[in-house]
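In case you want the letters, here they are:
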Amino acid sequence: MSISKRITLQQAAEIITDGSSLTFSGFTIWRRPMAIVFELIRQHKKNLHLIEVNGGSHTEFLVGAGCVDIWESCWVGHELYGKYGANVSRKVGNKEIIVEDYSHAEMMFRFAAAANGSPYAVTQTSLGTDIHNPEYDMLGRAGLRDGKRIAKHKYQFTEDPFFGAGSQVLIPAAKVDVAILCVQQVGEEGTVRVNGQFYSDPEVARAADITIVMAEEIVPEEYLRRNADQNTIASFEVDHILECPFGAHPTGMFGRYDVDGAFLKDFYGRTRTQEGFDDFAKEWIHGQDHMSYLEKLGWSRMLKLKANTALNYSVREKGGK
Amino acid sequence: MATEYASPEEYGLADLMCCAAAREVQDNEVVFAGTGLPMVAIMLAQKTHAPNLKLIFEAGTLDGRPPEIPTSVGDARCEMGASRSSGLYDAFSIAQRGYVDLGFLGGAEVDEYGNVNTTCIGDYLNPELRLTGSGGNPDINSFAKRTVFIMAHEKRRFTPNVSYITSPGWRVKKWPGGEFVHRRELYGSAYRGGPSAVISTAGVFRFDEQSGKIYLDTCHPGKTPDEIKEMCYFDLDISRVNGETLPPNREELHIIHEVLDPEQIFVPMVKKG
């Protein structure tokens, strides 16, 4: 075995330098690397460019804390627990952040292209919509399309040259510096096993230049290799690993714990204003570390969220009531 | 069970819309579900007249048979009993490949050609209110043979000009100029259909295949065509009204409230007097 890939929570956040482009595991309010997100906020990261298949609660935290300059994705909110992203909404209204809109499938295919080394993907989704309105190329309007990490064009149209299938949209590969994943298990050498829907994790891990995996538990590599067909991401695609139980809270993790709906409702309700966000961050993020955060949540709350191991979800918690 | 329709005091608007949505599903269809009332509607259809429907959750579940309603499409409940638990690349590839018959979607605004906005209110470059953004709305609407929109009915939401076309209706913008053309012209061999119904809190609306224009199909009990016409900023065609929306039957209400959503997360229960 080569040198250890283990790092700490603080070291994980230190890898992300100001101005980096960043993406995440998970889906909306599921398996988001919240413990690292909170640490990024504590370390006062600036000018981040988030490129995501979809956003969620973690986006709202990073944007609310002023860490983000550009959010490039298709959706942000808290599902059932907050109907839109109040922080993104406020900051795009005040022109404090740039939002570049693509469709969900376009974002997915952009990551798939980056993951297989292609410069772009081709699709027929969203033809005729304002997603392709040339006036609404926000990174272009800001003069940021340098053709290096940010593509020269938001999209291009072409006609199918092979089968005459008509208009096609070419969309640029999603090139990102760092992917931060939050999963159930990782081995000492980096092999990842995701339980349940794996969302877009394999593609984002492969697309990024640096991939950090935060797991509920680090397990012996040989344990995962006994059933290689159940593994999701290969060892060498992962650069750094760390163990952080309940690291996805308040988002949920299949088989481990449910979404803390009450927490997200509280966050959504309190962070419509910047003052509200700052107050929430003061209470839950600044001056805390992961252990003190969990202590503040308390055992009874965590046990309520804990998944039944046969069902993979909690039978005590549904709908954040 | 013989069809026994519930009386008006036994159901609420969400029940009515959910049952109307479920009736859009035909057996054996591949149906794409978004979070919320659509999930209840599809699973209601799965447990009544469409036991062989194939349910796809956007987050990556293929042919799911969850025993109870998931809280969102990322939920652990989605993949219980599924043919395959996978990811978004598979879900969208399957949609683009043409497997999906029907998708259920939502929207903040709709125009008379079924173009839907979920992105912002007001000028996109200076938004009054930024909303969630597209999510998979345009993707499902581009790829599925039929789509059904479930919406709250407020006059400002039924508008001749949506603030932003997030999801493509029957007449869409051709870029770079932005002139409106029939979607058939843009989608070429990928053209499979488009929006087939809007189910609002006031009635059920459909689209004329030739003109692509919306018309009122049925009024929810208690509403008249004239009242509903008055609830739209565009000139609603009420010449083809086909009576009232069928109320829920007792079996449907039982499944919604006792089996699928006993916690009343998506469908509130009407208090019985």
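Being a predicted model, the structure only gives us computed values, none of them experimental. (Residues numbered from 1 in each chain as written. Chains lettered and ligands numbered in written order. Predicted model: local features only at pLDDT ≥ 70, side-chain atom pairs only at ≥ 80, totals over all residues.)

Chemist: Sorry if this is basic, but what is going on with the overall build of chain A here?
Modeler: Each helix and strand counted, chain A has twelve helices and eleven strands in total. The C-alpha atoms of chain A give 20 Å as radius of gyration, which agrees with the globular expectation for 321 residues (20 Å, within 12%). In terms of its C-alpha atoms, chain A occupies a principal-axis envelope of roughly 60 × 50 × 35 Å. Burial status across chain A gives 55% buried among its 321 residues. A fraction of 73% describes how many contacts in chain A between residues 6 or more apart in sequence connect residues 24 or more apart. (Helix = DSSP H or I, 4+ residues; strand = E, 2+ residues; numbered from the N terminus. Rg over C-alpha atoms; globule rule 2.2 N^0.38 Å. Buried ≥ 20, exposed ≤ 12 C-beta atoms within 10 Å, placed from the backbone. Contact = placed C-beta atoms within 7 Å.)

Chemist: I would appreciate a short explanation of the overall build of chain B in the present structure.
Modeler: Check the secondary structure of chain B and you find seven helices and 15 strands. By the compact-globule yardstick of 19 Å for 273 residues, chain B fits well, its C-alpha radius of gyration being 18 Å. Along the three orthogonal principal directions, the C-alpha set of chain B runs to about 55 × 45 × 35 Å. Scored against the burial criterion, the 273 residues of chain B give a buried share of 55%. Long-range contacts, defined as pairs at least 24 residues apart, comprise 66% of the intrachain contacts of chain B with a sequence gap of at least 6.

Chemist: What is the right way to look at the sheet that holds strand β5 (residues 120-123) of chain A in this model?
Modeler: Backbone hydrogen bonds hold the strands of a sheet together, and the pairing may be parallel or antiparallel. Residues and elements named next belong to chain A. Spatially, three strands are ordered β5-β7-β6 in an open sheet, and the strand pairing comes out antiparallel. With partners counted over all chains shown, the strands left at the sheet margins are β5 and β6 (156-159), one partner each. The mean inter-strand angle of the sheet, taken between neighbouring strand axes irrespective of direction, is 35°. When β5 meets strand β7 (residues 167-172), the two strands line up antiparallel, connected through four bridges. (Pairing = 2+ DSSP bridges. Axes fitted to C-alpha atoms, helices over the stretch in contact; angles between N-to-C directions.)

Chemist: What's the story with the sheet that holds strand β2 (residues 54-57) of chain B in this structure? I'm lost.
Modeler: Residues and elements named next belong to chain B. Pairing is mixed in the open sheet, where nine strands are placed in the order β4-β3-β2-β1-β5-β10-β13-β14-β15. Each end of this open sheet is capped by a strand with a single partner; those strands are β4 (84-85) and β15 (214-219). Bridge count between strand β3 (residues 61-62) and β4: two bridges; the pairing is antiparallel. Looking at β4, one finds that L62 is bridged to R84.

Chemist: So what exactly am I meant to see when it comes to the interface of chain A and chain B here?
Modeler: Note on interface size: it is often stated as the accessible area lost on association of the parts. Taken residue by residue, the interface counts 55 residues in chain A and 53 residues in chain B. Contributing elements (two or more residues each) for the side of chain A that touches chain B: α4 (86-93), α5 (104-115) and α7 (201-207) of chain A. Along the lines of polarity and charge, the residues of the side of chain A that touches chain B split into 25 nonpolar, 24 polar and six charged. (Nonpolar A, V, L, I, M, F, W, Y, C, P; charged D, E, K, R; others polar.)

Chemist: It is not clear to me how the nonpolar core should be interpreted in this structure. Could you clarify?
Modeler: Inside soluble globular proteins, nonpolar side chains tend to come together where they are buried. Residues L62(A), M214(A), C18(B), V40(B) and L44(B) are the most contacted members of the largest nonpolar core, which totals 176 residues. If you tally residues by element for this core, the top one is α5(A), at nine residues. Beyond its immediate sequence surroundings of up to four residues, L44(B) is in contact with C18(B), C19(B), A22(B), E252(B), I255(B), I256(B) and L260(B). (Core = buried A, V, L, I, M, F, W, Y, C linked by C-beta atoms within 7 Å.)

Chemist: Explanation requested: the packing of helix α2 (residues 34-42) of chain A against helix α3 (residues 57-64) of chain A in the structure shown.
Modeler: Residue and element names in this part refer to chain A. Where α2 meets α3, the closest approach of the two axes is 10 Å, and the angle between their N-to-C directions is 5°. Regarding the angle of α2 to α3, the classification is roughly parallel. Between α2, through M34, V37, L40 and I41, and α3, the contact on the second element is made entirely by H58, F61 and L62. Among the residues making up the contact of α2 with α3, the classes are represented as six nonpolar, one polar and no charged. (Parallel < 35°, antiparallel > 145°, perpendicular 65-115°, else oblique.)

Chemist: Where do I start with the pairing of strand β12 (residues 179-182) of chain B in this structure?
Modeler: For a regular strand, side-chain orientation follows a simple rule: the groups alternate between the two sheet faces. Residues and elements named next belong to chain B. Bridge count for strand β11 (residues 171-174) against β12 is four bridges, and the pairing is antiparallel. Bridge assignment links V172 to a residue of β12, and that residue is V181. Hairpin connection, β11 to β12: the antiparallel pair is bridged by four residues, and G178 has positive phi, about 85°.

Chemist: Would you mind showing me how to read the confidence of the model for chain B here?
Modeler: Should pLDDT be low for a region, the predicted coordinates there are not to be read in detail. When the pLDDT values of chain B are averaged, the result is 95; 99% of them are 70 or greater. Across the predicted assembly, pTM comes out at 0.97 and ipTM at 0.96. (pLDDT = per-residue confidence, 0-100.)

Chemist: Just checking my understanding: could you explain the pairing of strand β10 (residues 146-151) of chain B for this structure?
Modeler: All names here are of chain B. Among the six residues of β10, six are classified as buried, and the element is accordingly described as predominantly covered. On β10, burial covers both faces: R146, V148 and I150 on one face and T147, F149 and M151 on the other are all buried. As paired strands, strand β5 (residues 102-106) and β10 are joined by five bridges and run parallel to one another. The residue bridging L102 from the neighbouring strand is R146, located in β10.

Chemist: Looking at this model, I keep getting lost on helix α9 (residues 261-270) of chain A. Mind explaining?
Modeler: Owing to its 3.6 residues per turn, the α-helix brings residues three or four apart onto one side. Turning to α9(A), its buried residues number three or more, namely G261(A), F263(A), L264(A), F267(A) and Y268(A). For α9(A), the buried positions fall inside an angular range of 160° around the axis, keeping them on one side. (Arc of directions from axis to C-beta.)

Chemist: Please clarify how the environment of P138(B) should be interpreted in this entry.
Modeler: Within the fold, P138(B) resides in helix α4 (residues 137-143). For P138(B), a count of 30 C-beta atoms within 10 Å translates into the label buried. If we skip the residues at most four places from it in the chain, P138(B) touches S103(A), T125(A), S126(A), T129(A), I131(A), T166(B), S167(B) and P168(B).

Chemist: Is there a simple way to explain unusual backbone geometry in this structure?
Modeler: Most peptide bonds adopt trans geometry, and most residues besides glycine take a negative phi value. Between H249(A) and P250(A) the backbone carries a cis peptide bond, its omega angle lying at 10°. Mapped onto the fold, P250(A) is located in the loop between β11 (240-243) and α9. Of note, the bond from W175(B) into P176(B) is cis; its omega dihedral lies within 30 degrees of zero at 15°. Locating P176(B) in the fold gives a position in the loop between β11 and β12. Its identity is not glycine, yet E79(A) carries a phi of approximately 55°, on the positive side. One can find E79(A) in the loop between β3 (68-73) and α4. Since 24 C-beta atoms lie within 10 Å of it, E79(A) is described here as buried. Not every positive phi belongs to a glycine, and Q264(B) is a case in point at roughly 55°. Positionally, Q264(B) belongs in the segment after α7 (250-260).

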